[in-house]
Amino acid sequence: MSLFNKRLLYRLGLYSVAGIIAYSLYARAHVLPETDAQYCERKGMVKIHNRFYKYDVYEHNEMKPIVDMLTRDCSGDSYCEITHMYQYVLSIPYKESTDDRNPSDVINQNGGDCDEKSFLLATLLLQKHYECLLITTKEHGFIAVHLPDDTKVKKPASYVTFNGKKYFFAETTLEHGSIGEYNNINPQEIEGVYDMVGKKEIERGKIDVTINN
């Protein structure tokens, strides 16, 4: 190969490398930022009022035997079923964590914080297709559940109303509690409301809060 051809090939190689580097820099500078939806999908999270939560609520196969056991003596009574699931979650100790424990972890490790125990309760409720909301404040999260028949709910009771339905407080961090029991959250503290069935955030102005204690 002549000296001229060697120099030509050398220059072409340099130009190719320079072109690749230039394109990479251009692409990096012009890459579209990741959207919240993309981030949530990649991380398995949901965004509720500008905060991200590790979301692991769906119909877990391993939860069905637990739900069947908890509700077997209820003969289809919705208040009985919901109360038994709620009391089961209350029996699990409240434990702070730097990890994002999923519902199975909360059971296996016998502990969870407010978000984790709330997601566990939601998972159990969804096994029986009971509608529920996750309500969040700056530092707390709890479940509100709709009862098809709420005549047995102990009075006084606290609840939120959405689309004409009552969703009763189901605070999971209490040592002892009942459906509808007030958890000392001021309605003005509520920042986010998330529909666990529809899997979407609800505008704060679309719910009414009724406090009775």
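For clarity, every value in this text was computed on a predicted model and none was experimentally measured. (Residues numbered from 1 in each chain as written. Predicted model: local features only at pLDDT ≥ 70, side-chain atom pairs only at ≥ 80, totals over all residues. Heavy atoms only, no water.)

Novice: Can you explain the sheet that holds strand S4 (residues 141-145)? Please cite residues and give values.
Specialist: Within the open sheet, the seven strands sit side by side as S8-S7-S3-S4-S6-S5-S9. Their pairing is antiparallel. Edge positions in the sheet fall to strand S8 (200-202) and strand S9 (208-210), since each has one partner strand and no second. Geometrically, the sheet is characterised by an average inter-axis angle of 30 degrees between neighbouring strands, direction not taken into account. The sheet contact formed by strand S3 (residues 132-136) and S4 spans five bridges and is antiparallel. (Pairing = 2+ DSSP bridges. Helix = DSSP H or I, 4+ residues; strand = E, 2+ residues; numbered from the N terminus. Axes fitted to C-alpha atoms, helices over the stretch in contact; angles between N-to-C directions.)

Novice: I'd like a description of the packing of helix H4 (residues 78-90) against helix H6 (residues 114-127), backed by residues and values.
Specialist: The geometry of H4 relative to H6 is characterised by a closest axis approach of 10 Å and an angle of 155 degrees between their N-to-C directions. The orientation of H4 with respect to H6, classified from their angle, is roughly antiparallel. For the element pair H4 and H6, the recorded crossing hand is right-handed. Touching Ile82, Met85, Tyr86, Tyr88, Val89 and Leu90 of H4 are Lys117, Leu120, Leu121, Leu124 and Leu125, all from H6. (Parallel < 35°, antiparallel > 145°, perpendicular 65-115°, else oblique. Left-handed = near helix turned anticlockwise from the far one by under 90°. Contact = heavy atoms within 4.5 Å.)

Novice: Can you break down the environment of Glu116 residue by residue, with the values?
Specialist: Its place among the elements puts Glu116 in helix H6. Expressed as a C-alpha distance, the spacing of Glu116 and Asn102, which sit 14 residues apart in the sequence, is 6.6 Å. Not counting residues within four places of it along the chain, the set of residues in contact with Glu116 comprises Lys95, Ser97, Asp99, Asp100, Arg101 and Val106.

Novice: Please set out the nonpolar core residue by residue, giving values where relevant.
Specialist: Note that soluble globular proteins tend to have their nonpolar side chains buried in a common cluster. In this structure, Leu124 and Leu125 are the most contacted members of the largest nonpolar core, which totals 36 residues. Secondary-structure elements contributing two or more residues to this core are helix H3 (64-71), H4, H6, S3, S4 and strand S6 (165-170). Non-local contacts of Leu124, meaning those with residues more than four positions away in its chain, are made with Met63, Ile66, Val67, Met85, Tyr88 and Val89. (Core = buried A, V, L, I, M, F, W, Y, C linked by side-chain atoms within 4.5 Å. Buried < 20%, exposed > 50% of the residue type's maximum accessible area, 1.4 Å probe, protein only.)

Novice: So what's going on with the packing of aromatic side chains? Residues and values would help.
Specialist: For any two aromatic rings, the description comes down to two numbers: the centre-to-centre distance and the angle of the planes. Overall, the coordinates contain three aromatic pairs when judged by the stated rule. Both rings, one in Phe142 and one in Phe169, keep their centres 4.9 Å apart while their planes meet at 50 degrees; by these two values the pair is tilted. Separated by 27 residues along the polypeptide, Phe142 in strand S4 and Phe169 in strand S6 bring together distant segments of the chain. Judged by relative accessible area, which is 0%, Phe142 ranks as buried. The exposure class of Phe169 is buried, given its relative accessible area of 1%. (Phe/Tyr/Trp six-rings, centres within 6.5 Å; stacked < 30°, edge-to-face > 60°.)

Novice: How would you summarise the pattern of salt bridges if you had to cite specific residues and measurements?
Specialist: Scanning the model with the defined rule gives five salt bridges in all. For Asp68, the salt bridge goes to Lys64, with nearest N and O atoms at 2.9 Å. With Asp68 and Lys64 both in helix H3 and four residues apart, the pair spans about one turn of that helix. With a closest N to O distance of 3.6 Å, Lys128 and Glu81 form a salt bridge. Placement of Lys128 in the loop between H6 and S3 and of Glu81 in helix H4 is noted, with a sequence separation of 47 residues between them. Residue classification places Lys128 among the partly exposed positions, given a relative accessible area of 31%. (Salt bridge = Lys/Arg side-chain N within 4 Å of Asp/Glu carboxyl O.)

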